[in-house]
Amino acid sequence: MTYLAFARVAVLRNLTYRAGYWMSLTGTGSMVAIQYCLWSAVYSAASPAPGGMTLAQTLTYVLTARAASAFLSLDAGRGINQRVRLGTIATELARPVDLQLALFFEGLGEAAFTLLAVSVPVFSLLALTGLVVVPPPATVLWFVASLLLAYLVMYALSFAVGLMGFWTGNGMGLTDFLEAGVVLFSGALVPLDFYPASLRSIAQVLPFQTIYHLPMSIFAGRTGSLPSSLALQAGWAVLLILAGRLAWHQARSVLMVQGG
Amino acid sequence: MQQLEPFPRGPTLLAHYLKVYTIYVRAGWLALMAYPVDFTVRNLGNLAWNLAAVGAIWLIFTFTGSIRGFDRAQVLFIYAMSMLARSIWHLLWVDMMSVGGYVQRGELDRLLVRPLDPLFQVVAGYLDHDDWGELALGLMVLALAGRSLGLGKQPLLVAWTALAVLCGSLVYAAVHLAAASTAFWMVRNSAVTSLAWDIDSFSRYPLDIYPAVIRLALTWVVPFGFAAYYPSQLVLATGTHRYLAALTPVVAVAAFAGAYRFWQSGLSRYQGTGH
């Protein structure tokens, strides 16, 4: 399949230029260390189990989220921003491929590399040292499926926001807004169980919770109905991918290539 | 034929550098303002991202009263000091992280043939475009947290905080300069520079949350503890480590001097990567 070549090239590029790899590894490692220290400190003083979560559950949730964050990145949108800013998007559009699909596979190559080279090693270390409590195999399988759906939602969101750069000329700041939304409403840093009720009800109607909160809750054994979690994720993924597809057709016609 | 001005020395040299620096910064600012909408959107995005990170701390304090004895205002005060110190370094001096790239591509040669200090050219030549949101938010959070800590009636402590933030920027500069200078020995130094980039997040929280080995490392090896935590101890009523706190300016200057020496010894063995 032609499009797998895009994924392969992305993997090879990562193997050759290691600057990005180091960034990803040191960033993930530092965040894991800080979050571990922070949450241990919070629990040492906290009133009985905030949000009904034990320290072990919270660490499992938060540290697994940090390990996965390298894989669940917003690079898809940033990649489009970069191409629009540099003007290379024009030549890429002229190629006889579906660019949206090509970008997806390129992103998949990147993500597969980061998953295997950063997320899995960091996670394994956490699991071996017992900082993260690994649930029974059946739950792990549900979690893996949920994590893949989370990737799709993140990718689709990032892609759609990246496309807005076609209208504004530069989407870099827009991707930062998206990242802010993810940080606040996905439960990436603080599990949604700890949120005040009003904020939690906002988070529940937004797509962001499907990226971190649902998969990490499954992994930490905090989810009642697994199928309905995954169905919600799949629903958002399909909706956002379709929205991206629609916007893509619109965006091609408004693209203005700057400079060169 | 036009007579060349003699190259300035002594106090005139300092004035000369100040003048050139003003020209560099003005040029950098004009370049940013060439795309005012882009500048605004990016920095609002940067502000939103940082606001979300501050929001995470705010959320933690909705279900706990204190972390290792630090209450909400105290944690936010340290966090804001660290944001400010980092953003000042980032806005003015971040291009020192590109030294590795300059060495790899042989672009450092271009800076060496000009009659200005090469490090000065690296940092002055680039005014950062996307961290102004962090600066603005840092100021706002510091003002709010400072007010609830009762700083309003204590001008001396306000002055100390301002000095400490500048010292904090110098600590940031020292660590990143030392990390960047490894490029002279290892050429591909992205592992070192990205490590420095990421461990700076440790400066955002009270050091009391870390185990002893990390606290010692952040005090004596990579002195990010002096970017916010130690100097804040003179401001917080519950502060300990007051001697170390008072040492902040000394540590900052010494760290930067050490890093600058390291940079110079690297520069003296630089031979270009060949073209």
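Residues numbered from 1 in each chain as written. Chains lettered and ligands numbered in written order. Predicted model: local features only at pLDDT ≥ 70, side-chain atom pairs only at ≥ 80, totals over all residues.

*Asks:* Got a minute to help me understand the overall build of chain B in this structure?
*Replies:* Within chain B one finds 14 helices and zero strands. For chain B, the α and β elements follow one another from N to C terminus as α-α-α-α-α-α-α-α-α-α-α-α-α-α. Here the C-alpha radius of gyration of chain B, 20 Å, is about what a compact globule of 275 residues would show, namely 19 Å. For chain B, the spread of C-alpha atoms along the principal axes amounts to about 70 × 45 × 35 Å. Looking at chain B as a whole, 41% of its 275 residues qualify as buried. For chain B, the proportion of contacts with a sequence separation of at least 24, taken over those separated by at least 6, is 78%. (Helix = DSSP H or I, 4+ residues; strand = E, 2+ residues; numbered from the N terminus. Rg over C-alpha atoms; globule rule 2.2 N^0.38 Å. Buried ≥ 20, exposed ≤ 12 C-beta atoms within 10 Å, placed from the backbone. Contact = placed C-beta atoms within 7 Å.)

*Asks:* Is there a simple way to explain the interface of chain B and chain A in this structure?
*Replies:* When the parts of a complex come together, some accessible area is lost, and that lost area is often taken as the interface size. Listed by partner, the interface residues are 32 residues for chain B and 33 residues for chain A. Secondary-structure elements contributing two or more residues to the side of chain B that touches chain A are helix 2 (36-60) and helix 10 (190-199) of chain B. In terms of residue count, the dominant contributor to the side of chain B that touches chain A is helix 2 of chain B (15 residues). By residue class, the composition of the side of chain B that touches chain A is 19 nonpolar, nine polar and four charged. (Nonpolar A, V, L, I, M, F, W, Y, C, P; charged D, E, K, R; others polar.)

*Asks:* Any chance you could explain unusual backbone geometry here in plain terms?
*Replies:* Glycine aside, a negative phi is what most residues show, and trans is what most peptide bonds show. Residue and element names in this part refer to chain B. In this model, R68 sits at a positive phi of 45 degrees, which is unusual for a non-glycine residue. In this fold, R68 is placed in the loop between helix 2 and helix 3 (72-93). What makes R68 partly exposed here is the crowd of 18 C-beta atoms within 10 Å. Backbone geometry places H241, a non-glycine residue, at a positive phi of 55 degrees. Take H241: it is sitting in the loop between helix 12 (229-232) and helix 13 (242-246).

*Asks:* Hey, could you run me through helix 3 of chain B in this one?
*Replies:* A turn of α-helix holds 3.6 residues, and therefore any two residues three or four places apart point the same way. Compared with an ideal rise of 1.5 Å per residue, which puts 22 residues at 32 Å, helix 3 of chain B spans 31 Å between its outermost C-alpha atoms and is within 8% of the ideal. Counting buried positions along helix 3 of chain B gives 18 out of 22 residues, so the element sits mostly inside the fold. (Expected span 1.5 Å × (residues − 1).)

*Asks:* Any chance you could explain helix 1 (residues 10-33) of chain B here in plain terms?
*Replies:* The end-to-end C-alpha distance of helix 1 of chain B, which contains 24 residues, comes to 35 Å, matching closely the 34 Å that a straight helix rising 1.5 Å per residue would cover. Little of helix 1 of chain B sits inside the fold, with zero of its 24 residues counted as buried.

*Asks:* I keep staring at the environment of A:Q250 and nothing clicks. Help me out?
*Replies:* Residue and element names in this part refer to chain A. The residue Q250 is located in helix 12 (residues 226-254) in this model. Take Q250: there are 11 C-beta atoms within 10 Å of it, and that puts it in the exposed class. Along the backbone, Q250 and L141 are 109 residues apart, and their C-alpha atoms lie at a distance of 38 Å.

*Asks:* Where do I start with the nonpolar core in this structure?
*Replies:* A general trend in soluble globular proteins is that nonpolar side chains are found buried together. Within the largest apolar cluster, 153 residues are counted, with the highest numbers of intra-cluster contacts made by A:V153, B:A80, B:M81, B:V171 and B:A174. Sequence-distant contacts of A:V153, defined by excluding residues within four places in its chain, comprise A:P207, A:T210, A:I211, A:Q233, A:W236, A:A237 and A:L240. (Core = buried A, V, L, I, M, F, W, Y, C linked by C-beta atoms within 7 Å.)

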